[in-house]
Amino acid sequence: YKIDGFFDKVLDKFKKETRNRPKVLAVYDQGYVDPEGLIRRIEFIYERGDLLNAKILIIGDDDLISIAIGLTHLAKKIIVLEIDERLVNFINKKAKKLNLNVKAHKYNVEEKLPTNLQKKFDIFITDQVETLPGIKLFLSRGMMSLKGEGSSGYFTLTTLEASLNKWHKIEKFLLDSGFVIT
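Structure report, in brief. (Residues numbered from 1 in each chain as written. Predicted model: local features only at pLDDT ≥ 70, side-chain atom pairs only at ≥ 80, totals over all residues. Heavy atoms only, no water.)

Moving on: the environment of Lys120. Along the chain, the position of Lys120 falls in the loop between β3 (102-106) and β4 (123-126). Put simply, Lys120 and Leu57 are 63 residues apart on the chain and 8.9 Å apart in space, counted from C-alpha to C-alpha. Apart from the residues within four sequence positions on either side, Lys120 is in contact with Lys55, Ser145, Leu146 and Lys147. (Helix = DSSP H or I, 4+ residues; strand = E, 2+ residues; numbered from the N terminus. Contact = heavy atoms within 4.5 Å.)

So, on to the packing of aromatic side chains. Inspection of the entire model under this criterion finds three aromatic pairs. Residues Phe7 and Tyr46 carry aromatic rings whose centres are separated by 5.6 Å and whose planes lie at 65° to one another, so their mutual orientation is edge-to-face. Highlighted residues: Phe7 in helix α1 (residues 6-17) and Tyr46 in helix α2 (residues 35-47), separated in sequence by 39 residues. A relative accessible area of 7% means that Phe7 is categorised as buried. Seen in terms of ring centroids, Phe44 and Tyr154 are 6.2 Å apart; in terms of plane orientation they differ by 90°. Their pairing is edge-to-face. Here the residue Phe44 occupies a position in helix α2, and Tyr154 occupies one in strand β5 (residues 152-155), the gap between them amounting to 110 residues. Counting every residue linked through ring pairs, the aromatic cluster contains Phe6, Phe7 and Tyr46. Geometry around Phe44 places Arg48 over its ring, the cationic atom sitting 3.4 Å from the centre. (Phe/Tyr/Trp six-rings, centres within 6.5 Å; stacked < 30°, edge-to-face > 60°. Buried < 20%, exposed > 50% of the residue type's maximum accessible area, 1.4 Å probe, protein only. Lys NZ or Arg CZ within 6 Å of the ring centre and 35° of its normal.)

In β5, alternate side chains face the same way, and those of Ser152 and Tyr154 are buried while those of Gly153 and Phe155 on the opposite face are not. Bridge count for β4 against β5 is four bridges, and the pairing is parallel. Bridging from a neighbouring strand, Ile123 pairs with Ser152 of β5. Taken together, β4, helix α5 (residues 132-145) and β5 constitute a β-α-β crossover, and its handedness is right-handed. (Pairing = 2+ DSSP bridges. Right-handed = clockwise from strand over helix to strand, strands pointing away.)

Applying the stated criterion across every chain, the model contains nine salt bridges. In this structure, Asp84 and Arg86 form a salt bridge, with 2.7 Å as the shortest nitrogen-oxygen distance. Owing to a relative accessible area of 2%, Asp84 belongs among the buried residues under this scheme. The salt bridge involving Asp176 is made with Lys172; its shortest N-O contact spans 2.9 Å. Here Asp176 and its partner Lys172 are both found in helix α6 (residues 164-176), four residues apart, which amounts to about one turn of the helix. What makes Asp176 exposed here is its relative accessible area of 57%. (Salt bridge = Lys/Arg side-chain N within 4 Å of Asp/Glu carboxyl O.)

Next comes the structure, spelled out in structure tokens:
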């Protein structure tokens, strides 16, 4: 994906607004992608028709994808569930300052997804931990948030940290959960 035009403007604004972002904490297994990679992810979601007027749930947001998507003003609503209170406060402060349709809440993925967030979203996005139990936990919370048929989930997985055997188990988990990999 070549970042230009509309998304290039979003990238510039994102870089400016997140310069003073909270530092990563190992205790939460944090680590964020570079801004260009983040915008490419958003372009990927946009290209598939899953961004425009979407209700989006983001589970874990050390990448600050909520702010980047918010800066597009394309999504209808963005809710962030994040364990790190520093990020929750940062996201909410930026959302208010920039008049973004984003709201962050403190949440531990080990807790049940609140009932008021179940079956309410068009898409979920997560950049979860890469242990098999962790992946299944994050994905199951995202799955519970989706409205149903036609909804999508976006998550990241690398071959750097996940063997093909692990990929197979994740794919089987997704298929057994009624999802299709596209």
